[in-house]
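Per-entry structural report
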Amino acid sequence: MSDAAAPGIARAAVAGDARLPDGRWRPLEAAFWLLPVIGYFAFPDYRVLGSQILITGLFAVSLDLILGYAGIVSLGHAAFYGIGAYTAGLLAVHGWHEPISGLAAAAAVAAVAGYLVSFLVVRGSDLTRLMVTLGIGLMLFEAANKASSITGGVDGLSGVTISRILGVWDFDLGGRTAFVYALVVVFLVFLLVRRLVASPLGLSLRGIREGGKRMPAIGAPVAKRLRTIFTIAAALAGVAGGLIAQTTQFVGIDGLSFQRSAELLIMLVLGGAGRLYGGLVGAAVFMVAQDYLSGINPVYWQFWLGFFLVLVVLFARGGILGGLDTLRARLRGAKR
Amino acid sequence: MIGSVIGVLFDGLAYGSLLFIIAVGLSVTLGLMNFVNLAHGALAMVGGYVGVVAMTHFGVPFLATLPIAFVASALVGIVLERTLYQRLYRSSPLDQVLFSIGLVFISIAVATWIFGSSQQPVNLPPYLQGQVHILIHDFGVYRIFLIAVVALVTLGLHYILEHTRFGSRVRASVDNPVAAAGLGINVNRVFALTFALGSGLAGLGGALGIEVLGLDPNFPLKYMVYFLLVVSVGGTGTIKGPLVAALILGVFDVAGKYYVPEVGGFVIYALMVVLLILFPAGLYGRRT
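Rules used in this analysis
- Residues numbered from 1 in each chain as written.
- Chains lettered and ligands numbered in written order.
- Predicted model: local features only at pLDDT ≥ 70, side-chain atom pairs only at ≥ 80, totals over all residues.
- Heavy atoms only, no water.
- Helix = DSSP H or I, 4+ residues; strand = E, 2+ residues; numbered from the N terminus.
- Rg over C-alpha atoms; globule rule 2.2 N^0.38 Å.
- Buried < 20%, exposed > 50% of the residue type's maximum accessible area, 1.4 Å probe, protein only.
- Contact = heavy atoms within 4.5 Å.
- Areas by Shrake-Rupley, 256 points an atom, 1.4 Å probe, with all protein chains shown as cover.
- Lys, Arg positive; Asp, Glu negative; His and termini not counted.
- Charge placed at Lys NZ, Arg CZ, Asp CG, Glu CD.
- Pairing = 2+ DSSP bridges.
- Expected span 1.5 Å × (residues − 1).
- 1 Å grid on protein atoms, 1.4 Å probe; cavity = no way out; pocket = protein on both sides within 12 Å on 5 of 7 lines; lining within 4 Å.
- Points joined across faces, edges and corners; volume = space filled by probe spheres on them.
- Nonpolar A, V, L, I, M, F, W, Y, C, P; charged D, E, K, R; others polar.
- Salt bridge = Lys/Arg side-chain N within 4 Å of Asp/Glu carboxyl O.
- Phe/Tyr/Trp six-rings, centres within 6.5 Å; stacked < 30°, edge-to-face > 60°.
- Lys NZ or Arg CZ within 6 Å of the ring centre and 35° of its normal.
- Buried area = accessible area lost by both parts, 1.4 Å probe.
- Polar contact = N/O pair within 3.5 Å; in protein donor to acceptor, adjacent residues only side chain to side chain.

Turning our attention to the overall build of chain B. For chain B, the count of helices and strands is 12 helices and two strands. At 19 Å, chain B has a C-alpha radius of gyration in line with the 19 Å of a compact globule built from 288 residues. Out of the 288 residues belonging to chain B, those deemed buried represent 56%. Counting only contacts in chain B whose residues sit at least 6 apart along the sequence, the fraction spanning at least 24 positions is 76%.

Structure, rendered in structure tokens:
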């Protein structure tokens, strides 16, 4: 954690950048968001994978809010993703086919669940938090598993039909609409997150992460802040879940599984926790690697997954983006 | 009715004592050394597979496989501790979680690669099979054996921790590593030996538990929650805490699956969340 500690400060120092953090867009950021647009035209065969990467990236960003910014380790974030997915899926199965309101409903239900859970999570130490989030995730998984008459159990929920977006664009088999829809939603939510982490709320969260015991001394309501961000993160995870249900037109129970929560943590750490783009980069690298390696042999994939995880923890704190920052600092140092 | 209650209680106790013997090592690393080790189940799995291989490939009798499993897991544990774990004692819980999840995934992949993904069979010797009728109920002989072994191990453990020089060193190192080191105790070595002992007990539990818990490559993930639960509900600093917690969990889990199979594992997870909220420091936790 300590490496990812104050990315903004570290980065400013690295770049020799005397500017105060502002909301302006850097050229690199604009270039980053051009990538999916280019990908859409350059790799038409990979649009389905592309939309899943975007959605998973959003999911990882939502975890980053509580893990990277607020410092709460959650092993059950998939619970809210699953809630969002089932909300959107069940609405569509039972006759409400309109996608955007379905997404809003997914966010709302996940937010309510997140708000309720947040009271349990805010209490207690790291270990208790870990166990409570893990327990709640497992409870929901069991509940969905046993309530197979509603959720379809292990077979998943199929028959999710979504009507045209805004009455114009229909979901097609090639995933064109799904990709653009996912990209637009993810981008809009990302704008919100980008604003959020630069807001006083975002700054006070970083303060809590760095020194939770000192924050009350400057009058910050720690528990309330943590509840707020936990609820927001849950809502965003719900949006991601709703998106995946609508674009794949299927809800699998594995969306609620521990494996899902664990993979998400891995993506985020791989990309770099506590950085706006960490989740997106991590999800992209992770899912491309998964697509490639598990195509060879699923068992190998699990092995390499574990192996890289151990390596990242031992040698590469800060993930890919952290590594890039260090590299950039070295290059600049060499130039001088 | 009475019969089924006694049966459930008895099976629950046997199951709980297995959980205890596997998790007691975790209670040291997690509870006392504050290391969130999600990979503890992998060490139990090592013991299980070593036991199975010794029995089926080398014809070692069942009772003799138990110490072999203990030693094998203890060795694996000490190697892991010296090479990897000790680097992370001071890391954040997040790093420890990620690291140990990584180990879990590796162990699952390796076990699948070597042994395949199927359940491993265990051939109990005839004298441990069947049932004995005591007063009003038929009790499984193997489960009686299980409870007896665990009771013996627990007494031994209690003796080691409370009445030997090694035990007092462990307690001192855990209470205050700096002061203990200042008194000339080699804290690193004490931690390594403790880790090995815990790993060995997990391996013993894994080998003992094949009949009850089953053994397949997903073992570390499947029972991870149970082991964590025993420790976080039991609290740290005593043997009694995890023991009581393991027995409660065992009984509730068996009862839940027997009486309300339609909710299944839900009972145990709900119990966990409730207990954690009511007793944030565990049932017998030390207030810090």
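Bringing the overall build of chain A into the picture now. For chain A, the count of helices and strands is 14 helices and zero strands. Mapped in sequence order, the helices and strands of chain A form the string α-α-α-α-α-α-α-α-α-α-α-α-α-α. Radius of gyration (C-alpha) of chain A: 20 Å, near the 20 Å computed for a compact globule of 336 residues. Its C-alpha atoms give chain A principal-axis dimensions of about 60 × 45 × 40 Å. Classification of the 336 residues of chain A by burial places 52% in the buried group. Per element, the accessible surface of chain A, about 15,200 Å² overall, is 67% carbon and sulfur. In chain A, 27 positive and 17 negative side-chain charges are present, and the distance between their average locations comes to 12 Å.

Of the pairings in the sheet, the one linking strand β1 (residues 131–134) of chain B to strand β2 (residues 137–140) of chain B comprises four bridges and is antiparallel in character. By the bridge assignment for β2(B), B:Ile134 is matched with B:His137.

Here the focus is helix α2 (residues 40–58) of chain B. An ideal rise of 1.5 Å per residue puts 27 Å on 19 residues; α2(B) measures up with 27 Å between its terminal C-alpha atoms. B:Gly59 sits one or two positions beyond α2(B) and adopts a positive phi of about 65°.

Glycine aside, negative phi is the norm for most residues, and most peptide bonds take the trans geometry. Residue and element names in this part refer to chain A. Backbone geometry at Gln-249 places phi at a positive 55°, although glycine is not the residue there. For Gln-249, the location among the structural elements is in the loop between α10 (222–248) and α11 (258–271). Assessed through its relative accessible area of 28%, Gln-249 is described here as partly exposed.

This next bit is on empty space enclosed by the protein. All names here are of chain A. Under the counting rule described, the total for this entry stands at five cavities of 30 Å³ or more. The calculated volume of the second largest cavity comes to roughly 50 Å³. Lining the second largest cavity are Leu-75, Gly-76, Thr-133, Leu-134, Gly-137, Leu-138, Phe-141, Leu-256, Ser-257, Phe-258 and Ser-261. Residue assignment for the lining of the second largest cavity shows that the elements contributing at least two residues are α6 (126–146) and α11. Element by element, the count of residues in the lining of the second largest cavity is highest for α6, at five residues. Here the residues of the lining of the second largest cavity are counted per class, giving six nonpolar, five polar and no charged.

Once that is clear, we can look at the pattern of salt bridges. Pairing between side chains of opposite charge can happen when their charged atoms approach one another. What the rule picks out here adds up to nine salt bridges over all chains. Taken together, the salt bridges that share partners define one network made up of A:Arg275, A:Asp325 and A:Arg328.

On to the packing of aromatic side chains. Residue and element names in this part refer to chain A. Enumeration according to the criterion identifies 32 aromatic pairs over all chains in this entry. Grouping aromatic residues by their ring pairs yields a cluster made of Trp-25, Phe-32, Trp-33, Phe-187, Phe-190 and Tyr-277. In this structure, Arg-47 is placed above the aromatic ring of Tyr-40, and the distance from its NZ or CZ to the ring centre is 4.1 Å. The ring of Trp-25 carries the charged tip of Arg-194 above its face, separated from the ring centre by 4.2 Å.

In this assembly, 37 residues from chain A lie in contact with 42 residues from chain B. Overall, the association of chain A and chain B removes approximately 3,500 Å² of surface from exposure, summing both partners, and the carbon and sulfur fraction of that is 84%. Inspection of the region where chain A meets chain B yields zero salt bridges. The interface formed by chain A and chain B contains zero residue pairs in polar contact (both at pLDDT 80 or more). Counting residues per element, the ones that place at least two in the side of chain A that touches chain B are α6, α11 and α13 (298–315) of chain A. Examining the composition of the side of chain A that touches chain B, we find that 14 residues originate from one element, α6(A), more than from any other. The residue inventory of the side of chain A that touches chain B, partitioned by class, reads 27 nonpolar, five polar and five charged.

So, on to the environment of B:Ile239. Residue and element names in this part refer to chain B. Mapped onto the elements of the fold, Ile-239 is located in the loop between α10 (224–234) and α11 (240–259). Of the residues examined, Ile-239 reaches a relative accessible area of 14% and is grouped as buried. The spacing of Ile-239 and Ala-64 is 175 residues in sequence and 26 Å in space, taken between C-alpha atoms. With residues up to four places along the chain from it excluded, the contact list for Ile-239 reads Phe-20, Thr-154, Leu-157, His-158 and Leu-161.

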